[in-house]
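Next come the chains, spelled out residue by residue.
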Amino acid sequence: LSRRLPSAAYFKLVRAIITSVDEVVVRHSGIVGKHAGDGVTAFFLAEDLGSSSAAARAAVESARDLSIAAHDEAKAVAEETGLVEPEECLINVGLHWGDHLYMGQLVSGGRLEITALGDRVNECARIEQSARDGQILASKSLIENLEDEDAKALGLDPDRVTYMMVAELPGADEKAERDAGTI
């Protein structure tokens, strides 16, 4: 879309979608992290949500709502500009469980960012980059943090889910295979 749309229209679209994405994350009691280009990181903390299961559930619910939010914002921009089809605006999401992250604020050059550091953050980025065509990819460790009640509310049965390693995904590139291939 960035190559096809006028820069002003593309910026309007990205700004609307990212604003909506941030609102979805906050609505699900998550913390909005870094924005990089048209990407966003978010964190759902067990301490804030009451349990690991509640945090995993909030992450899945948020991911599902992101697609709806992106479609709605793209529809509004489409109605205004006539330059984009809402179906073209797909959000790829990677979800992963990180029990040992270093999270905090980074302040540099007048910028304030909330970020997390650690292997799980890098692995999640590789999961997300392997998603295609609006997929939500969740790691085994995230799904297996769901307690029965939360899994049921999401329409999932962790005892019947089968998993695919990142390296087996059609969208996995060399970096994803190297950094998160066995997840």
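Computed from a predicted structure; not experimentally measured. (Residues numbered from 1 in each chain as written. Predicted model: local features only at pLDDT ≥ 70, side-chain atom pairs only at ≥ 80, totals over all residues. Heavy atoms only, no water.)

Caption draft 1: Broad picture of the nonpolar core. In this structure, Leu13, Ile17, Val84, Leu95 and Leu142 are the most contacted members of the largest nonpolar core, which totals 32 residues. Residue assignment for this core shows that the elements contributing at least two residues are α1 (7-27), α3 (52-81), β3 (93-95), α5 (140-143) and α6 (148-154). In terms of residue count, the dominant contributor to this core is α3 (12 residues). Contacts of Leu13, omitting those with residues within four sequence positions, involve Leu1, Leu5, Ala74, Val77, Val84 and Cys89. Among the nonpolar cores identified, the runner-up in size contains 8 residues, and Leu137, Val166, Ala172 and Ala180 belong to it. (Core = buried A, V, L, I, M, F, W, Y, C linked by side-chain atoms within 4.5 Å. Buried < 20%, exposed > 50% of the residue type's maximum accessible area, 1.4 Å probe, protein only. Helix = DSSP H or I, 4+ residues; strand = E, 2+ residues; numbered from the N terminus. Contact = heavy atoms within 4.5 Å.)

Caption draft 2: Representation of the pairing of strand β1 (residues 31-36) in the model. As paired strands, β1 and strand β2 (residues 39-43) are joined by 4 bridges and run antiparallel to one another. Bridging from a neighbouring strand, His35 pairs with Val40 of β2. Counting the residues that bridge the hairpin from β1 to β2 gives 2 residues, and of these Gly37 lies at a positive phi of roughly 60°. (Pairing = 2+ DSSP bridges.)

Caption draft 3: Region of interest: the pattern of salt bridges. Throughout the structure, instances matching the rule amount to 7 salt bridges. Linking Lys12 and Glu80 is a salt bridge whose minimum nitrogen-to-oxygen distance equals 2.5 Å. Taken together, the residues span a long stretch of sequence, with Lys12 in helix α1 and Glu80 in helix α3 at a distance of 68 residues. Accessibility expressed as a relative area gives 26% for Lys12, which makes it partly exposed. Three or more residues are tied together by salt bridges with common partners; here these are Arg57, Glu61 and Asp150. (Salt bridge = Lys/Arg side-chain N within 4 Å of Asp/Glu carboxyl O.)

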